[in-house]
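Spelled out, the chains give:
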Amino acid sequence: METAFYLYTIVVMLACVAAGAVSLSAYFVSRRRSFLFASVMLLFYFLDLALIFQGSSVVSVGEIPA
C-alpha cells in the first residue's frame, strides 16, 4: 500500500507541474492575469505536496549512535 501511495503522490505532483506549465504558457500567449494566478496557485500547491511528501517518506532507521 505504501508503494501505491508513493506512486499516487508522484503522479499528482507531475500533474500539478504540467498544469502549472500549461497555465504559464497560456499566460504568456494571452496575457490574461487569471492564468498567471492559476500558475502561482499551482506552484504553491506543488510546494505543499512536496512538504507533505517529504514528511511522509522519511523513514526512521533507529537511534543515531553518539
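Further up the page is the structure itself.
Sequence positions are assigned chain by chain, starting from 1 and proceeding in written order. The predicted origin of the model limits local features to residues at a pLDDT of at least 70 and limits the giving and counting of side-chain atom pairs to 80 or more, whereas totals for whole chains, interfaces and linings rest on all residues. Only hydrogens and water are removed before side-chain values are computed, so all heavy atoms of the structure are retained for them.

S.K.: Teacher, can you tell me more about the overall build of the chain here?
M.R.: Numbering goes from the N terminus for both helices and strands, where a helix is a DSSP run of H or I of at least four residues and a strand is a run of E of at least two. When helices and strands are tallied, the chain shows 2 helices and 0 strands. Under the scheme applied here, a residue whose accessible area is under 20% of the maximum for its type counts as buried, over 50% as exposed, and between as partly exposed, the area being computed with a 1.4 Å probe on protein chains only. Every one of the 66 residues in the chain was classed for burial, and the buried ones make up 15%. Per-residue and other accessible areas were derived by the Shrake-Rupley procedure at a 1.4 Å probe size, with only the shown protein chains allowed to occlude residues. By element, 72% of the accessible surface of the chain is carried by carbon and sulfur atoms, the whole surface being about 5,500 Å².

S.K.: Would you take a moment to explain helix H1 (residues 2-30) for this structure?
M.R.: At 3.6 residues per turn, the α-helix brings residues three or four places apart onto the same side. By this rule the span expected of a helix is its residue count minus one, scaled by 1.5 Å. With 29 residues, H1 extends 42 Å from end C-alpha to end C-alpha; this agrees with the ideal 42 Å at 1.5 Å per step. Within H1 the residues assigned to the buried category are Thr9, Met13, Cys16, Gly20, Ser23 and Tyr27. After H1 finishes, the residue Arg31 shows a positive phi value of roughly 60°.

S.K.: I would appreciate a short explanation of the side chain of Ser23 in the present structure.
M.R.: Along the polypeptide, Ser23 turns up in helix H1. Ser23 gets classed as buried once you look at its relative accessible area, which sits at 8%. For Ser23, the contacting residues outside a window of four places in its chain are Phe35, Ala38 and Ser39. Contact between two residues is taken to exist if any of their heavy atoms lie within 4.5 Å; hydrogens are not considered.

S.K.: Would you explain the packing of aromatic side chains in this entry?
M.R.: The rule is short: rings of Phe, Tyr and Trp, with Trp giving its six-membered ring, pair when the centres are within 6.5 Å, and they are stacked under 30 degrees, edge-to-face over 60, tilted in between. A complete count under the given rule lists 2 aromatic pairs for this structure. Taking 5.7 Å as the distance between ring centres and 50° as the angle between the ring planes, the aromatic pair formed by Tyr27 and Phe28 counts as tilted. By relative accessible area, which is 16% here, Tyr27 ends up buried. We note Arg31 situated over the ring of Tyr27; from NZ or CZ to the ring centre the distance is 5.6 Å. In this analysis the charged atom, NZ for Lys or CZ for Arg, is taken to sit over a ring once it is within 6 Å of the ring centre and within 35 degrees of the ring normal.

S.K.: How do you make sense of a nonpolar patch on the surface when you look at a structure like this?
M.R.: On the surface, Val40, Leu43, Phe44 and Leu47 cluster together into a nonpolar patch covering about 370 Å² of accessible area. Topologically, Leu47 is positioned in helix H2 (residues 33-57). With relative accessibility at 39%, the residue Leu47 sits in the partly exposed group. Each patch is built from residues that are more than 30% exposed by relative accessible area and take part in no salt bridge. Like charges join if they lie within 9 Å; nonpolar side chains (Val, Leu, Ile, Met, Phe, Trp, Tyr) join within 5 Å. Basic side-chain nitrogens of Lys or Arg form a salt bridge, by our definition, when they fall within 4 Å of a carboxyl oxygen of Asp or Glu.

S.K.: Looking at this structure, how should I read unusual backbone geometry?
M.R.: Most peptide bonds are trans, and most residues other than glycine sit at a negative phi. Within the chain, Arg31 stands out as a residue other than glycine whose phi angle is a positive 60°. Of note, Arg31 is situated in the loop between H1 and H2. The exposed category is assigned to Arg31, whose relative accessible area is 55%.

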